[in-house]
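Reading the structure
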Amino acid sequence: MGQTGNAHRIIVALDVGTRSQALSLVESLPEGQIFKVGLQLFTAEGPTLIQEIAQREKRVFLDLKLHDIPNTIAGAVSMAAGHGVAMMTLHASGGSEMMRRAVEVAADKADAVGRDRPLLLGVTVLTSLKDAELGEIGMPADAAGQVLKLAHLAQSAGMDGIVCSPLELGMVRAEFGREFLVVTPGIRPAWAAAQDQKRIMTPEKALAGGADYLVIGRPITAAPSPGEAFARIRKTLDGADTDPDGEDSA
Ligand code: C5P
């Protein structure tokens, strides 16, 4: 991948509801390389939009947090790989068989259509769940332990990495070293408003803490000039004190 400093580590979250809003954001961010399409936008506009973003020489992170029986997941992952998705998310709690099938079909489909295999990322414990709520759904009231357990399951099933809170980076890196990709949302530059995000970290700290990719939405997309906000963040990343072992695992 052609790399402009650390621009390739920024995933811009397209949390909008229409194709025209999404594409105008993509077009206002010439430095942006990866764009996240989540449930809202995908439900509104479907896979055509993925292709339209990809046609603009951008990579798509399809964040649908899939969770179903292995056969159904295999079908969905195969379709996404066929559309040229670069990265996508699955719930690790869907189990090892579900994740293994996803890894297999992603590789097969990518070979068949002559593209790179999408990176498959496990969602461990939703950060919206508090320890008390974990008990309600039959999980131990220990989010951190559960994150590590599910991350190990994802890794042994052949997944490429996980999504986690920036506050979990230290724990995850201590456990996995650099052999597993880590994507973190909850990123707020010092100059941006926190909005509804509570467990936040600045981009440069998250990068120094071992994140491979940062998911950033409103600090860029709601800025008066998204292009300038992106450049400002990218520059702080270029000057960040990164993990010496971290080279470029992305
Ligand atoms: O606008 P903001 O930077 O808060 O957007 C963050 C993006 O990351 C949103 O698309 C949100 O859904 C996603 N996300 C998150 N926290 C998580 C998981 C995903 O903010 N724990």
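Some remarks on the side chain of Thr-202
Following the sequence through the fold, Thr-202 ends up in the loop between strand E7 (181–184) and helix H9 (203–208). What makes Thr-202 buried here is its relative accessible area of 19%. Other than its neighbours up to four places away in sequence, Thr-202 contacts Ile-187, Arg-188, Pro-189 and Ala-190.

Thoughts on the packing of helix H1 (residues 19–27) against helix H3 (residues 47–55)
The interhelical angle for the contact between H1 and H3, taken along N-to-C directions, is 20°, at an axis separation of 11 Å. As far as their axial angle goes, H3 and H1 are roughly parallel. Note on packing geometry: the crossing formed by H1 with H3 is right-handed. Mapping the contact onto sequence places Arg-19, Ala-22, Leu-23 and Val-26 in H1 and Leu-49, Glu-52 and Ile-53 in H3. The residue inventory of the contact of H1 with H3, partitioned by class, reads 5 nonpolar, no polar and 2 charged.

Topic: the site of the ligand
Taken together, Ala-13, Asp-15, Lys-36, Thr-127, Pro-185, Arg-188, Gln-197, Val-215, Ile-216, Gly-217, Arg-218 and Pro-219 form the complete shell of residues around the ligand. The side chain of Thr-127 places a nitrogen or oxygen atom 2.5 Å from a nitrogen atom of the ligand. Compared with its free state, where it exposes 460 Å², the ligand has 79% of that area covered by protein. When each cavity is represented as a set of grid points, the ligand is found to reside in the largest pocket. Residues belonging to the shell around the ligand are distributed by class as follows: 5 nonpolar, 3 polar and 4 charged.

Topic: the nonpolar core
Counting residues in each nonpolar core, the largest one holds 64 residues, and the members touching the most others are Ile-53 and Val-77. If sequence neighbours within four positions are ignored, Ile-53 has contacts with Leu-14, Leu-23, Val-26, Phe-35, Val-37, Lys-58 and Val-60. In terms of nonpolar packing, the next biggest core, distinct from the first, is built from 13 residues, Ile-11, Ile-34, Ala-86 and Met-87 among them.

Structural notes on the pairing of strand E2 (residues 34–38)
The buried fraction of E2 amounts to 5 of the 5 residues, a majority that puts the element mostly inside the structure. Looking at chain direction, strand E1 (residues 10–13) and E2 are connected through 3 bridges and run parallel. Across the sheet, Ile-11 pairs through a bridge with Ile-34, a residue of E2. Once you follow E1 into H1 and on to E2, the crossover reads as right-handed. Pairing between E2 and strand E3 (residues 59–66): 5 bridges, direction parallel. Residue Phe-35 lies in a different strand from E3, and its bridge partner there is Val-60.

A word on helix H8 (residues 169–176)
Given 3.6 residues per helical turn, the α-helix brings residues three or four places apart onto the same face. Three or more residues of H8 are buried, namely Leu-169, Val-172, Arg-173 and Phe-176. End-on, the buried residues of H8 take up no more than an arc of 95°, which puts them together on one face. Summarising the contacts, the buried residues of H8 are in contact with helix H7 (143–156), strand E6 (161–163), E7 and H9. Trailing H8 by a residue or two, Gly-177 shows a phi angle of about 60°, which is positive.

About the thresholds
Residues numbered from 1 in each chain as written. Predicted model: local features only at pLDDT ≥ 70, side-chain atom pairs only at ≥ 80, totals over all residues. Heavy atoms only, no water. Helix = DSSP H or I, 4+ residues; strand = E, 2+ residues; numbered from the N terminus. Buried < 20%, exposed > 50% of the residue type's maximum accessible area, 1.4 Å probe, protein only. Contact = heavy atoms within 4.5 Å. Axes fitted to C-alpha atoms, helices over the stretch in contact; angles between N-to-C directions. Parallel < 35°, antiparallel > 145°, perpendicular 65-115°, else oblique. Left-handed = near helix turned anticlockwise from the far one by under 90°. Nonpolar A, V, L, I, M, F, W, Y, C, P; charged D, E, K, R; others polar. Near = heavy atom within 4 Å. Polar contact = N/O pair within 3.5 Å; in protein donor to acceptor, adjacent residues only side chain to side chain. Areas by Shrake-Rupley, 256 points an atom, 1.4 Å probe, with all protein chains shown as cover. 1 Å grid on protein atoms, 1.4 Å probe; cavity = no way out; pocket = protein on both sides within 12 Å on 5 of 7 lines; lining within 4 Å. Sits in = over half its atoms within 2 Å of the grid points. Core = buried A, V, L, I, M, F, W, Y, C linked by side-chain atoms within 4.5 Å. Pairing = 2+ DSSP bridges. Right-handed = clockwise from strand over helix to strand, strands pointing away. Arc of directions from axis to C-beta.

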